[in-house]
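As a plain string of letters, each chain reads:
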Amino acid sequence: MTDTAQGTSRRYGTRPTMKDVAARAGVGLKTVSRVVNGEPGVTPDTERRVQEAITALGFRRNDSARILRKGRTASIGLVLEDLADPFYGPLSRAVEEVARDHGALLINGSSAEDPDREQELVLALCARRVDGLVVIPAGDDHRYLEPEIAAGIATVFVDRPAGRIDADVVLSDSFGGAQEAVAHLIAHGHRRIGFIGDQPRIHTAKERLRGYRTAMAAAGLPVDESWVTLGSTAPEHVRAAATAMLDGPEPVTALFAGNNRVTVTAVRVLRERPRPVALVGFDDFELADLVRPAITVVAQDAARLGRTAAGLLFRRLDGIDEPPRRVEIPTRLIARGSGEIRP
């Protein structure tokens, strides 16, 4: 592309080189290299001419070759499920802060919950020679990463474990959090409790369902399978599932929502009902404390997840050799009102 509006020609995608600086300043390439790298052996007048040429051309030193000579690129990759999901904001920020403390740049991307896209993105980051990866997996088979890990790319999984390989993983206590949420509803008099969760292949969805069933069994309560739905968290699917549970022959008196997307749709559905229905959601979300009733949630510490995962990654990059670690971060039940409504 050429810009001639101001009488200048600019070709985007190309950058000035040290050779361009040398030609403009009328000096040799080695002299420019000395100035750029702060080395001695250059007269003040020559250094001034080189600096003027650098400023005029907008030259920036290319650190790639210098960094690669050290065997590291000072960059890490972060693969998320969905960049738009508010849960991943504090997680991503925490990883970035740890990377910055270690002088590394963070490159992130979204898998959109597609295993093929996850693999494509991960391998693209590896091809760009990132030093390590933090991955929230969409797939359940990560053997494609074995050659990369063997080649020295440190890898830590977050929120869900890797599939079919041994690797570091940092998780929230999805099982324990779900069990506590359902026990909380039972303690407030509910016996018919519905659960709406994410896709059944997802580790967190399976763990939260397991926590739901465990809490019901511990209270001696049967589970009608019409009270359980796993699948898409699209609003139309969640709405249909919640409506079926609330209008069925054995209508539920409370809902346990498996993640923040489910909870938001459930709030909209329950606002249309003639009678109040109890609700506890897994994951906190913005404005949950401002709706009426305010929403009782099982809160995850997303920032701690990201900070812990990034810390593990840099331990590996610093040469710590130990068996793969599994770190589980506790959740916290926040009672705000919706989970305390009695049948």
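Fair warning: this is a prediction, and the values are worked out from it, not measured in the lab.

A. How the structure looks around the overall build of the chain. Counting its secondary structure elements, the chain contains twelve helices and twelve strands. For 343 residues, the compact-globule estimate of 2.2 N^0.38 gives 20 Å, and the chain exceeds it by more than 25% at 27 Å. In terms of overall dimensions, the chain has a C-alpha envelope of 85 × 55 × 30 Å along the principal axes. Sorting the 343 residues of the chain into buried and exposed places 46% on the buried side. Partitioning the intrachain contacts of the chain with sequence separation of at least 6 by distance along the chain shows that 64% fall at a separation of at least 24. Working note: accessible area of the chain is about 17600 Å², and carbon and sulfur atoms make up 49% of it. Positive and negative side-chain charges of the chain, numbering 46 and 46 respectively, have mean locations separated by a distance of 5 Å.

B. The arrangement of the confidence of the model for the chain in detail. Counting all residues, the mean pLDDT for the chain is 93, and 94% of those residues have values of 70 or more. Note on residues 1–8: pLDDT is under 50 here. Beyond four places in sequence and across chains, it has ten contacts.

C. Structural view of the sheet that holds strand S7 (residues 228–230). Reading across the sheet, the six strands line up as S7-S6-S8-S9-S10-S12 and stay open at both edges, with mixed pairing between neighbours. The open sheet has two free edges, formed respectively by S7 and strand S12 (332–334), since each of these has just one partner strand. In this sheet, adjacent strand axes meet at a mean angle of 15° when their direction is disregarded. As paired elements, strand S10 (residues 296–299) and S12 share three bridges and run antiparallel to each other. Bridged to Ala-299 within S12 is Arg-332. The strands touched by helix H9 (residues 203–218) are strand S6 (193–197), S7, strand S8 (254–257) and strand S9 (278–282); relative to S6, the strand with the most contacts, the crossing angle is about 170°.

D. Inspection of unusual backbone geometry at higher detail. With an omega dihedral of 0°, the bond running from Arg-292 to Pro-293 counts as a cis peptide bond. Here Pro-293 shows up in the loop between S9 and S10. Look at Ala-112: it is not a glycine, yet its phi comes out positive at around 55°. Judged by relative accessible area, which is 44%, Ala-112 ranks as partly exposed. With a phi close to 95°, Asp-283 is a non-glycine residue in the positive phi region. Structurally, the position occupied by Asp-283 is in the loop between S9 and S10.

E. Seen up close, the sheet that holds strand S3 (residues 132–135). Strand order in this open sheet of six strands is S2-S1-S3-S4-S5-S11, and the pairing throughout is parallel. Each of the sheet's edge strands pairs with one partner strand only, and the pair in question is strand S2 (105–110) and strand S11 (326–329). Adjacent strand axes in the sheet meet at a mean angle of 15°, parallel and antiparallel pairs treated alike. Judged from the four bridges that link them, strand S1 (residues 75–80) and S3 form a sheet pairing that is parallel. Opposite Ile-76, over in S3, you have Gly-132 as the bridge partner. Along the sheet, helix H5 (residues 88–101) contacts S1, S2, S3 and strand S4 (154–158); its crossing angle with S1, the most-contacted strand, is approximately 170°. Contacts from helix H12 (residues 302–317) reach S1, S3, S4, strand S5 (168–172) and S11 within the one sheet, and its direction differs from that of S4 by about 160°.

F. Geometry of the side chain of Thr-233. Position of Thr-233 among the secondary structure elements: in the loop between S7 and helix H10 (235–247). With relative accessibility at 14%, the residue Thr-233 sits in the buried group. Polar contacts involving the side chain of Thr-233 include one to the side chain of Arg-261, which spans 3.2 Å. When neighbours within four sequence positions are excluded, Thr-233 is seen to be in contact with Gly-197, Asp-198, Val-238, Asn-259, Arg-261 and Val-262.

G. The arrangement of H12 in detail. Between its first and last C-alpha atoms H12 spans 23 Å; for 16 residues at 1.5 Å apiece the expected length is 22 Å, and the two agree. Buried residues of H12: Ala-302, Leu-305, Gly-306, Ala-309, Ala-310, Leu-312, Leu-313, Phe-314 and Leu-317, and no others. If you follow the buried residues of H12, they end up packed against S1, H5, S3, S4, S5 and S11. Gly-319 sits one or two residues past H12 and shows a positive phi near 100°.

H. Here's a closer look at the nonpolar core. Core analysis: the largest hydrophobic core is formed by 43 residues, its most contacted members being Val-182, Ile-193, Tyr-212, Met-216, Phe-256 and Leu-279. Counting only elements with at least two residues in this core, the list comes to helix H8 (174–187), S6, H9, H10, S8, helix H11 (260–271), S9 and S10. Residues contacting Phe-256, with those up to four places away along its chain left out, are Ala-178, Ala-181, Val-182, Ile-193, Gly-194, Phe-195, Ile-196, Arg-208, Val-280, Gly-281 and Phe-282. Counting 27 residues, the second largest nonpolar core, distinct from the first, contains Phe-87, Val-95, Ala-309 and Phe-314.

I. How the structure looks around the packing of aromatic side chains. One pass over the structure, following the stated rule, counts three aromatic pairs. Aromatic side chains Phe-87 and Tyr-88 sit 5.1 Å apart centroid to centroid with 75° between the ring planes, which places their arrangement in the edge-to-face category. With relative accessibility at 3%, the residue Tyr-88 sits in the buried group. Members of the aromatic cluster, joined through ring pairs, are Phe-195, Tyr-212 and Phe-256.

Criteria and thresholds
Residues numbered from 1 in each chain as written. Predicted model: local features only at pLDDT ≥ 70, side-chain atom pairs only at ≥ 80, totals over all residues. Heavy atoms only, no water. Helix = DSSP H or I, 4+ residues; strand = E, 2+ residues; numbered from the N terminus. Rg over C-alpha atoms; globule rule 2.2 N^0.38 Å. Buried < 20%, exposed > 50% of the residue type's maximum accessible area, 1.4 Å probe, protein only. Contact = heavy atoms within 4.5 Å. Areas by Shrake-Rupley, 256 points an atom, 1.4 Å probe, with all protein chains shown as cover. Lys, Arg positive; Asp, Glu negative; His and termini not counted. Charge placed at Lys NZ, Arg CZ, Asp CG, Glu CD. pLDDT = per-residue confidence, 0-100. Pairing = 2+ DSSP bridges. Axes fitted to C-alpha atoms, helices over the stretch in contact; angles between N-to-C directions. Polar contact = N/O pair within 3.5 Å; in protein donor to acceptor, adjacent residues only side chain to side chain. Expected span 1.5 Å × (residues − 1). Core = buried A, V, L, I, M, F, W, Y, C linked by side-chain atoms within 4.5 Å. Phe/Tyr/Trp six-rings, centres within 6.5 Å; stacked < 30°, edge-to-face > 60°.

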